[in-house]
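# What the coordinates show
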Amino acid sequence: MAEEAAHHWIVVLDIENFSSRRDPVQRRIRAAMYHVLRDAMERVGLAAADVVSEDRGDGVLMLVKSTVSPVLIAGPFLRELDAGLGEYAEGAKEDHAVRLRLALHQGLAERDDDGWSGDAVNTACRIVDAQPLRDVLVAAPSARTVFAVSDEIHRAVIRHGHRGIDPAAYLPCDFATKHGETISIWITVPGYPAPPGLPATASGGVPPEERPEPATAEPRRDGRPHVTQHADTVQGDMVAGDKSVTVHNTGNVRL
C-alpha cells in the first residue's frame, strides 16, 4: 500500500566506471562503497532511522527525513564520505578504485510496496547521471568525489555559507536531459578550489569568441603608460556575498 508523499532530502550516489569492471571486482567495490557510506553516516550522527536507502547496483538512492539539516549532508557528511574514500584508496588496487558522483536535491517522494517514486527522485537521478558531472570527475584525477546540488539546494543552503560549506568552491552548470528538459545545478569537488572540466559557457564564464580584447598599455605624451580601469563582480563567498571589484592595471588581471 502506497504511503502519502512526504518531503525528503534526496541523495544519490553512483560509482564511476562501475559496469566496466569484472563481476568479482564489482562485488568488492560495492562492499567498499557501503562500508565508507555507513561509516560516514555514523561519524556525523546521521541516524539510520532517519534514512531510507535503496540499492541501485552501481550506487545508492538515499531518502533523508526533512527533520535532518541539509547543512549536515552538504557539509560534514560530504567531508567524511570523501575522507573515507581516501582511506580506502590507500590500500586499494587501481582496478578496485572507488570514485563517486553525488547529487543532492529535495522534494516529495512517495513509497509503495516496491520502492520510491516522485519527480524529485527522478531529478536527483538525472543530476547524478549528468554528463558535466562525469566530465568533471574525469578532469580531476586526484579527486575521490564530485558533488552536485540542484539550483534549489544552492539557493536555500549552499550560497549562505553555513559552517563547513564554501560557496566559492561551487560553479553553476546547465544540462539537458534526454527529454529536452534543462536542469540547473552547482558542482564542487572536495579538495579542489573549483571544479575542473567545465566549459566556459557551463560554468558561467564567457566564451572565448565573446571575450573583450585584453587591455594594453599605450604611451602617454609624458612617456608614462595609460592606466586602464576595469570593474567586475566576483561571485560571493561565505563572508560577504558578491563583491564589486575595481582593478587598476596595465595588463591582464585574473579575478
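Our structure is the block above this text.
We now turn to the structure provided with this report. (Residues numbered from 1 in each chain as written. Predicted model: local features only at pLDDT ≥ 70, side-chain atom pairs only at ≥ 80, totals over all residues. Heavy atoms only, no water.)

Turning to the overall build of the protein chain, a few remarks are in order. Across its full length, the protein chain holds five helices and 10 strands. In the protein chain, buried positions account for 41% of the 255 residues. Residue pairs in contact within the protein chain that sit at least 24 positions apart in sequence constitute 66% of those at least 6 positions apart. Of the accessible surface of the protein chain, which amounts to about 14200 Å², a share of 49% is contributed by carbon and sulfur atoms. (Helix = DSSP H or I, 4+ residues; strand = E, 2+ residues; numbered from the N terminus. Buried < 20%, exposed > 50% of the residue type's maximum accessible area, 1.4 Å probe, protein only. Contact = heavy atoms within 4.5 Å. Areas by Shrake-Rupley, 256 points an atom, 1.4 Å probe, with all protein chains shown as cover.)

A few words on the nonpolar core. Leu-37, Met-62, Phe-77, Leu-81, Leu-100 and Leu-104 are the most contacted members of the largest nonpolar core, which has 40 residues in total. Taken together, the elements giving at least two residues each to this core come down to strand 1 (6-15), helix 1 (23-44), strand 3 (59-65), helix 2 (70-90), strand 4 (100-112) and strand 6 (145-150). For this core, the element with the highest residue contribution is helix 1, accounting for 10 residues. Excluding anything up to four places from it in sequence, Leu-100 contacts Leu-13, Asp-14, Ile-15, Met-33, Leu-81, Leu-85, Leu-137, Arg-144, Thr-145 and Val-146. Core analysis: the next-biggest nonpolar cluster, separate from the first, contains 29 residues, Leu-63, Leu-137, Ala-140 and Ala-148 among them. (Core = buried A, V, L, I, M, F, W, Y, C linked by side-chain atoms within 4.5 Å.)

Our next topic: the side chain of Glu-16. The topology assignment puts Glu-16 in the loop between strand 1 and helix 1. A polar side-chain atom of Glu-16 sits 2.8 Å from a polar atom in the side chain of Arg-99. For Glu-16, the residues in contact, after removing those within four places along its chain, are Arg-21, Arg-99, Arg-101, Leu-137 and Val-138. (Polar contact = N/O pair within 3.5 Å; in protein donor to acceptor, adjacent residues only side chain to side chain.)

Moving on, we come to helix 3 (residues 119-128). For helix 3, a buried count of seven out of 10 residues is recorded, marking the element as mostly surrounded by other parts of the structure. Among the residues making up helix 3, those that are buried are Ala-120, Val-121, Thr-123, Ala-124, Cys-125, Ile-127 and Val-128.

What follows concerns the side chain of Thr-145. Position of Thr-145 relative to the elements: it lies in strand 6. Take Thr-145: its relative accessible area is 0%, and that puts it in the buried class.

Honestly, that's just the spatial picture; any functional story needs more than this.
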